[in-house]
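Residue strings, one per chain:
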Amino acid sequence: MSDMVLEVRGITKTFPGVKALDNVSFDIRAGEVHALVGENGAGKSTLMKVLAGLHRADGGEIIYQGQPTEVSGPLDARKKGILLIHQELSLAPELSAAENIYLGAWPTNRFGVLKKRELRRNAKSALEALNCGFGPDVRVGTLSVAMQQMVEIARAEAFSANVVIFDEPTASLTDNEKTQLFHTIRGLKERGVGIVYISHKMDEIFDITDRITVLRDGQVQGTVETAESDLNQITRMMIGRTLDAYFVKAEANFGEEVLRVDGLGKQGLFKDVSFTVREGEVLGLYGLVGAGRSEVVETVFGVRKADSGRLFWKGGEIKLPSPRESIDMGMALVPESRKEQGLVLMMGGRENTSLPHLSLFSDVSVMNRTKELAVFEKYRSALSIKTTGPDQALSQLSGGNQQKFVLAKWLCADPKLIILDEPTRGIDVGSKSAIHELIADLAHQGLAVIVISSEMPEVLGVSHRVLAMSEGAVVAEFEGDAMTEENLIDAVSHHRKGIAAE
Amino acid sequence: MNFDLNAMLRRHGLVLAFLVFLVGVALNTDAFLTPGNILDVLRQVSITGMMALGVTFVVLTGRLDLSVGSMLTLLTVIVVDQHNISGPFPAIVMTLIAGLAIGAFNGLLIGFVRLNALIVTLAMLSFLQGLVLFYSGGSNVNVQNAQSTWFAVFGRGNFLGIPVPVILFLLGAVVAGLVLQFTTFGRRVYGVGGNETASIFSGIDARWTVFWTYVISGFTTAIAAVIMGSRVMGAQNTIGQGYELTVLAGVILGGTSMLGGSGSIWRTVIGISMLGFIQNGLLLLGFPYYVQWLVTWAVIIIAVWIDLGAKRGRIFA
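A.B. asks: Give me the lowdown on the overall build of chain B, citing residues and values where you can.
C.D. replies: For chain B, the count of helices and strands is 13 helices and four strands. In terms of overall size, chain B behaves like a compact globule, its C-alpha atoms giving a radius of gyration of 20 Å where 317 residues would be expected to give roughly 20 Å. Over its C-alpha atoms, taken along the principal directions, chain B stretches across nearly 65 × 55 × 35 Å. The burial tally for chain B puts 53% of its 317 residues in the buried class. Pairs at least 24 apart in sequence give 80% of the contacts found in chain B among residues at least 6 apart. Total accessible area computed for chain B in this model is approximately 14,000 Å², and 70% of it derives from carbon and sulfur atoms. Counting 14 positive and 9 negative side-chain charges, chain B places the centres of these two groups 8 Å from one another.

Here's what the structure looks like:
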């Protein structure tokens, strides 16, 4: 079982100004799950893109099944049996599952006409091998994220892949779906497929992988047997130091009520949501993806409209605000998706930081560049953001540094309430704990903080009080000693069962 | 080093090609690089250039304005006709108001109703062309006291030896450039073009931002119509035909991205001037005037190819 399916030797890849991969070597055995970990910008994704034919390496070689191999493109990689399952799925929502499995490599006769029956039959057996629970004809756009992922994995069956690379596969899965996915991965493993597993989530890595390779700044720090390693060792390899306190909670010292939401509802998304948050308090909002957490805070902030409900700001009732009004009142929303909602990636840090507060950074509509630069420098050092300058496009920064700019753009106007929607999703351990410290610090300064997270340890670790949401409703509230993982799981799963029973 | 050469060609290839062209024309003709001819070219590009200033705002938000061609026709007909009816000053005021109104209507449909910009402005192109014929009844209009009106200054005048339209164009470019680079409005335009969703999450009202870019586009087209009416001292029913593409070609030739969020006024000034020199050079070399349409095609394809190619390069590098 220990024969090598894929080996990379001395791979080097340079982008303008960055050495993304520096003489990287590692190997994948048949029937193993090999974790690839590292902070954002360590080179994991670049390495995988080289393997999958999306990037061409500047130097080094790829040995596939004992032969030196050139991978000329994604389709070539797939035909050779190397399959990359992207972080963002690469499916055509309007096509059927069968058509997606064979996307770009449809079986055709010699006149170029699609062999529909063959396509359907092969796809069906691939889906059945994975126990997917849906057929080849279903339109992919109607499937859940987890099921769409199964469609991608079915390609591994259809193309008899020898290597499957998972890039952050659980980022938007519920716990149940994750269990299902792991089951599938173990199935692939038993059939002798070599699996590369990229993730930031350490519990998953220790759960499912056999070996771990750590990358830092484009270099391999080492490969270890998972069973012989521990979190501490891996973390140290990743960031070159240990993290002592993973979570910091601010001392409970609450002031006046800042926000009260009363009976907020929106048809089809959430109903009768009520909560309050006070100065100096961190309110956690826990729930699985799809529970309506983001929709609720986006409605409070004003980017969505509500059907019903009342809002009270510092004790006085207000009508549902526009984003502009929210910001001017002192509300800040660090949104769920920093690339789509949080930042203008082609702009630099300076312009992104001032974007929500143009009137504060201008005199009679003329931008005050001096002020912008001062604030940029202040947050660059306060949050230790790595960037070459105020105008370096944020698209060139790592996820963690991008996220710090999202924080900077909101903190610079001294908000009274800051809402953080999945603030640590997809960022590295180092930046993660920096953000946890920041949350505690903000609460300590007297801000009201709302933290949304689907990572239970995080939401329990940073919050003073936690609301559990499920299917668009607040189903429980926990405080003090009642804030445990079991209680949260109970609250959410009971509610789901209750819904199912109805 | 292969990589560096590629990157260099990507970034400066068009300018290099342009310089080669300039030298080639200069070597084969006598008149090309004379001050008189250069001022001539600048005078010719001042109309499309003026329009391109406004269209740059629109393109920066990631949208298009194809209605400016027949808008130019209509507004030129209006300014010339009203000059005869109510005199130069009311004619200019009316033209500017009409330009603002047409731009506002585009802006309303695209910014607030959120209809597709391509469709809305293409439909407007057709609508305005029809409106021209309604207004003029199909006949061309001419300024009746062409020899004596001060209206002539906009298209035909000189100030310190420099044609007034060129001065107007450069003045407009300075104002537009300052607005884009230094005002909160300019920042909103870049924000909405770079990432509309993130801008909305930052409290920017994308609807108004988009609306105003079309109003600006209508306004600069109205100024261009005043220059055009003054230069020609008349207006045919097809006077602005095809201008929308020339203007767009100039904007993207300068390097302003069709995807929005990146570009600038000075780029547009360069792009539209390059286009002017290319057309002028071709004429001097003895090509018929309609060759410019073929060249416009090539320029649009190449410029868009470079723009998208630069982005695609990141995926398949």
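A.B. asks: How would you explain the interface of chain A and chain B if you had to name every residue and give the values?
C.D. replies: Between chain A and chain B, the residue contacts involve 35 residues of the former and 25 residues of the latter. Each partner contributes to the roughly 2,200 Å² buried at the junction of chain A and chain B, and carbon and sulfur atoms together form 63% of this total. The largest contributions to the chain A side of the interface with chain B come from Met346(A), Leu358(A) and Met367(A), which together make up 22% of the buried area. Here Arg187(B) makes a salt bridge to Glu372(A), at a shortest N to O gap of 2.6 Å. In this assembly, chain A and chain B are joined by eleven residue pairs in polar contact (both at pLDDT 80 or more). Contributing elements (two or more residues each) for the side of chain A that touches chain B: α9 (293-301), α10 (323-329), α11 (338-342), α12 (349-354), β18 (366-367) and α14 (399-411) of chain A.

A.B. asks: Summarise a nonpolar patch on the surface; cite the residues concerned and give the values.
C.D. replies: All names here are of chain B. A cluster of nonpolar side chains, namely Phe-89, Val-93, Ile-97, Trp-150 and Val-153, defines an oily patch on the protein surface of about 500 Å² accessible area. Here the nonpolar patch gets three residues from one element, more than from any other, and that element is helix α4 (residues 88-112). As for its position among the elements, Val-153 is in helix α6 (residues 153-156). Using a relative accessible area of 37% as the deciding quantity, one classes Val-153 as partly exposed.

A.B. asks: Account for unusual backbone geometry, with residues named and values stated.
C.D. replies: Residue and element names in this part refer to chain A. Although it is not a glycine, Val-364 adopts a positive phi angle of roughly 40°. Within the secondary structure layout, Val-364 lies in the loop between β17 (362-363) and β18. In the Ramachandran plot, Ser-384 falls in the positive-phi region, its phi being about 40° despite a non-glycine side chain. Tracing the backbone shows Ser-384 in the loop between α13 (369-382) and α14. On the basis of relative accessibility, which here comes to 53%, the residue Ser-384 falls in the exposed class.

A.B. asks: Tell me what's going on with the sheet that holds strand β14 (residues 308-313) of chain A, and back it up with residues and numbers.
C.D. replies: Residues and elements named next belong to chain A. Pairing is antiparallel in the open sheet, where four strands are placed in the order β12-β11-β14-β15. The open sheet terminates on both sides in strands that have one partner only, identified here as β12 (270-278) and β15 (316-318). Taken over all neighbouring pairs, the strand axes of this sheet differ in orientation by 20° on average, direction set aside. Alignment of strand β11 (residues 257-266) against β14, held across five bridges, turns out to be antiparallel. Residue pairing in the sheet places Arg-260 in a bridge with Phe-312 of β14.

A.B. asks: Now, about helix α1 (residues 44-51) of chain A: what can you tell me, with residues and values included?
C.D. replies: Residue and element names in this part refer to chain A. Extensive coverage of α1 is indicated by the burial of six of its eight residues. Residues of α1 that are buried include every one of Lys-44, Thr-46, Leu-47, Met-48, Val-50 and Leu-51, and no others. Phi for Gly-53, located one or two positions after α1, is positive at around 85°.

A.B. asks: A description of the packing of aromatic side chains should follow, citing residues and the corresponding values.
C.D. replies: If you walk through the whole model with that rule in mind, you get 14 aromatic pairs over all chains. Seen from their ring centres, Phe376(A) and Phe405(A) are 5.9 Å apart, and the 10° between their planes marks the pair as stacked. Here Phe376(A), found in helix α13, pairs with Phe405(A), found in helix α14; they are 29 residues apart in sequence, far enough to count as distant. When its relative accessible area of 1% is taken as the criterion, Phe405(A) is described as buried. Summarising the aromatic geometry, the rings of Trp208(B) and Phe211(B) are spaced 5.4 Å apart at their centres and angled 80° between planes, so their arrangement reads as edge-to-face.

Rules used throughout
Residues numbered from 1 in each chain as written. Chains lettered and ligands numbered in written order. Predicted model: local features only at pLDDT ≥ 70, side-chain atom pairs only at ≥ 80, totals over all residues. Heavy atoms only, no water. Helix = DSSP H or I, 4+ residues; strand = E, 2+ residues; numbered from the N terminus. Rg over C-alpha atoms; globule rule 2.2 N^0.38 Å. Buried < 20%, exposed > 50% of the residue type's maximum accessible area, 1.4 Å probe, protein only. Contact = heavy atoms within 4.5 Å. Areas by Shrake-Rupley, 256 points an atom, 1.4 Å probe, with all protein chains shown as cover. Lys, Arg positive; Asp, Glu negative; His and termini not counted. Charge placed at Lys NZ, Arg CZ, Asp CG, Glu CD. Buried area = accessible area lost by both parts, 1.4 Å probe. Salt bridge = Lys/Arg side-chain N within 4 Å of Asp/Glu carboxyl O. Polar contact = N/O pair within 3.5 Å; in protein donor to acceptor, adjacent residues only side chain to side chain. Patch = residues over 30% accessible without salt bridge, like charges linked within 9 Å, V, L, I, M, F, W, Y side chains within 5 Å. Pairing = 2+ DSSP bridges. Axes fitted to C-alpha atoms, helices over the stretch in contact; angles between N-to-C directions. Phe/Tyr/Trp six-rings, centres within 6.5 Å; stacked < 30°, edge-to-face > 60°.

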